[in-house]
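Take a look at the letters that make up each chain.
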Amino acid sequence: MTDTDTSLLTNPDTFAASQPARPGWWRRWSGPGHWCPWRAALLFLLITVVFYHLRVIVPRGADGPHIEKIISIEDQWPLYYRSFLTCFTQHAVWLITRHWGFDGHQAVALSSAMGGAFAVLALWRLCRHPLFWAVNLFAGSFLVFVGHVETYALVGAGFLWTMVLIREYLLDRVSAGLLMSVYCLSFAMHMLMLFYFPVVAWALMKGRPGRRWELLTPVVLLGVSVVIIPVFLGKPGATEVGLDRLVPLFQINAPNQYFTFFSGDHFDCLWVFACSADLFIKAPLYLLTLLNVPGWEDAFRTAIPENTALPVDRLGWPVSFILLAIFARRVQGLYLKLLLLSVGIGVGWTVIWNPDWGYMDWDLFSQFALPLHLLVGLLILPDRSAYIFEPIYTPEPASPQTGINNE
């Protein structure tokens, strides 16, 4: 493969610009940074259907039964505070699909599959090289997008789109308002996005300054929603914000805590989370579910004590951390440094945050791997020039006479 061919695969802008011009609205697909709306819509529908039907290979999540129950109450909108917009979306999907016989479980799975479609479109926009796709798609962290019955697919897709738009913003292609709007929307999907605010803030300080109303409007709307929604829907659930949310240092203080910070059980849990979020080599075993192998469910899913790792959960290896250590010197340019900061934030909150459901919280704690796989997928590319850059926007120097810049 020539250097030109590699560049076309790596950089979506080069790929799009290389396509032959087409008349009329077809140019939307071939022009740099543009999409053909109907092709994107068809791709979205196709991926949603595929991911929904592959949901049987995904391990169960801890809060799944509770989520599918609260979103399928006909006359009540669920107020699951830390992911209120996700639950609203899942409830809306159930209200529509129940006419075709969908129950709460299927509605949540369909919502997650839709989040998976958004995630794939984000990856497609960022990079199209097979190596990048292999790192991101063949990872355990990606399973939350494959019809997983929980609340993490939509926020995961929002995180990926936030990172895509950070690159677009630093290249001066989208406004600060759009970036902040997508970030706030992702925050409403799940409040774990709060951890990644320093990444967005650093990007906003380096790119073209946005108008004040552009930045404040989504923040104000989010804040008003968080305050007003309980007034109309009653007392919310999932509002726990005490110190019991953190792994205790030396003594267990709450029923939802299973180990102390420096205990072997804590490190074992982190190891299982790291293995299950990385290279998904246990997929063939989960495919046995598709074949209806007798005894599979009892042997691998239900015939173990609660808060115990499944045997197959240890069939992994944190390969991405090893690759990151090997290729760390390739982290150059602001965008890759922002991804590295995201990795550090993700690992940091994973280490200190308490898994209320023990090993069954694999889906929540797999979220740290999303920025890790984005970064590693880009670092191993033969041509990384499209991602090693400083912000395009540079303010003009102030005029000596007026002290005002020349914009």
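Bear in mind that the values here come from a model prediction, so they are computed numbers and not experimental data.

Participant: Help me understand the overall build of the protein chain, please; the structure alone is not making it clear to me.
Facilitator: Of the regular secondary structure elements, the protein chain holds 19 helices and zero strands. Long-range contacts, defined here as pairs at least 24 residues apart, represent 72% of the contacts in the protein chain between residues at least 6 apart. On the protein chain, roughly 19200 Å² of surface is accessible, and the fraction owed to carbon and sulfur atoms is 67%.

Participant: Explain a nonpolar patch on the surface to me, please; I cannot follow it from the model alone.
Facilitator: A cluster of nonpolar side chains, Leu216, Val220, Val224, Val227 and Ile228, forms an exposed patch at the surface whose accessible area comes to about 410 Å². Here Val224 is to be found in helix H12 (residues 212-233).

Participant: Looking at this model, I keep getting lost on the packing of aromatic side chains. Mind explaining?
Facilitator: Counting across every chain of the model gives 15 aromatic pairs. Between Phe51 and Phe142, the ring centres sit 5.9 Å apart and the planes meet at 80°, which makes this aromatic pair edge-to-face. Note that Phe51 is positioned in helix H4 (residues 37-53) and Phe142 in the loop between helix H8 (130-137) and helix H9 (153-170), a separation of 91 residues in sequence. Grouping residues by exposure puts Phe51 and Phe142 together as buried. On the numbers, 4.9 Å between centres and 55° between planes, the contact of Phe159 with Tyr196 is tilted. Separated by 37 residues along the polypeptide, Phe159 in helix H9 and Tyr196 in the loop between helix H10 (176-189) and helix H11 (197-206) bring together distant segments of the chain. Overall, Phe159 belongs to the buried group, its relative accessible area being 3%. Three or more aromatic residues joined by ring pairs make a cluster, and in this case those are Phe195, Phe273, Trp349, Trp353 and Phe365. If you follow Arg55 out to its NZ or CZ, it ends over the ring of Tyr52, 4.1 Å from the centre.

Participant: Looking at this model, I keep getting lost on the pattern of salt bridges. Mind explaining?
Facilitator: Pairs can form between side chains of opposite charge once their charged atoms are near each other. In this structure the tally under the stated criterion is four salt bridges. The partner of Glu168 in a salt bridge is Arg167, and the shortest N-O contact between them spans 3.7 Å. Residue Glu168 shares its accessibility class with Arg167, and that shared class is buried. In this structure, Glu168 and Arg173 form a salt bridge, with 3.6 Å as the shortest nitrogen-oxygen distance. We classify Glu168 as buried; its relative accessible area is 6%. Exposure remark for Arg173: the relative accessible area of 43% places this residue in the partly exposed category.

Participant: What is the right way to look at the nonpolar core in this model?
Facilitator: Counting 107 residues, the largest nonpolar core has Phe145, Ile166 and Tyr335 as the members making the most contacts within it. Leaving out residues up to four positions away in the same chain, Tyr335 has contacts with Leu126, Met163, Val164, Ile166, Arg167, Leu170, Leu378, Tyr387 and Phe389.

Participant: Would you explain helix H6 (residues 84-97) in this entry?
Facilitator: An α-helix turns once per 3.6 residues; consequently, residues spaced three or four apart project the same way. For H6, with 14 residues, the first-to-last C-alpha span of 20 Å sits near the 20 Å given by 1.5 Å per residue. Every buried residue of H6 is accounted for by Phe84, Thr86, Cys87, Phe88, Gln90, His91, Val93, Trp94 and Thr97.

Participant: Help me out: how do you make sense of the packing of H4 against helix H7 (residues 104-126) in this one?
Facilitator: Each pair of packed helices can be described by the angle between their axes along with the distance between the axes. Direction vectors running N to C along H4 and H7 enclose 135°, while the axes themselves pass 8 Å from each other. It follows that H4 is oblique to H7 by the angle criterion. Here H4 and H7 pass one another in a crossing that is right-handed. For the pair formed by H4 and H7, the contact residues are Ala40, Leu43, Phe44, Ile47, Thr48, Phe51 and Tyr52 on the first element and Gln106, Ala109, Leu110, Ala113, Met114, Gly116, Ala117, Phe118, Val120 and Leu121 on the second.

Calculation notes
- Residues numbered from 1 in each chain as written.
- Predicted model: local features only at pLDDT ≥ 70, side-chain atom pairs only at ≥ 80, totals over all residues.
- Heavy atoms only, no water.
- Helix = DSSP H or I, 4+ residues; strand = E, 2+ residues; numbered from the N terminus.
- Contact = heavy atoms within 4.5 Å.
- Areas by Shrake-Rupley, 256 points an atom, 1.4 Å probe, with all protein chains shown as cover.
- Patch = residues over 30% accessible without salt bridge, like charges linked within 9 Å, V, L, I, M, F, W, Y side chains within 5 Å.
- Salt bridge = Lys/Arg side-chain N within 4 Å of Asp/Glu carboxyl O.
- Phe/Tyr/Trp six-rings, centres within 6.5 Å; stacked < 30°, edge-to-face > 60°.
- Buried < 20%, exposed > 50% of the residue type's maximum accessible area, 1.4 Å probe, protein only.
- Lys NZ or Arg CZ within 6 Å of the ring centre and 35° of its normal.
- Core = buried A, V, L, I, M, F, W, Y, C linked by side-chain atoms within 4.5 Å.
- Expected span 1.5 Å × (residues − 1).
- Axes fitted to C-alpha atoms, helices over the stretch in contact; angles between N-to-C directions.
- Parallel < 35°, antiparallel > 145°, perpendicular 65-115°, else oblique.
- Left-handed = near helix turned anticlockwise from the far one by under 90°.

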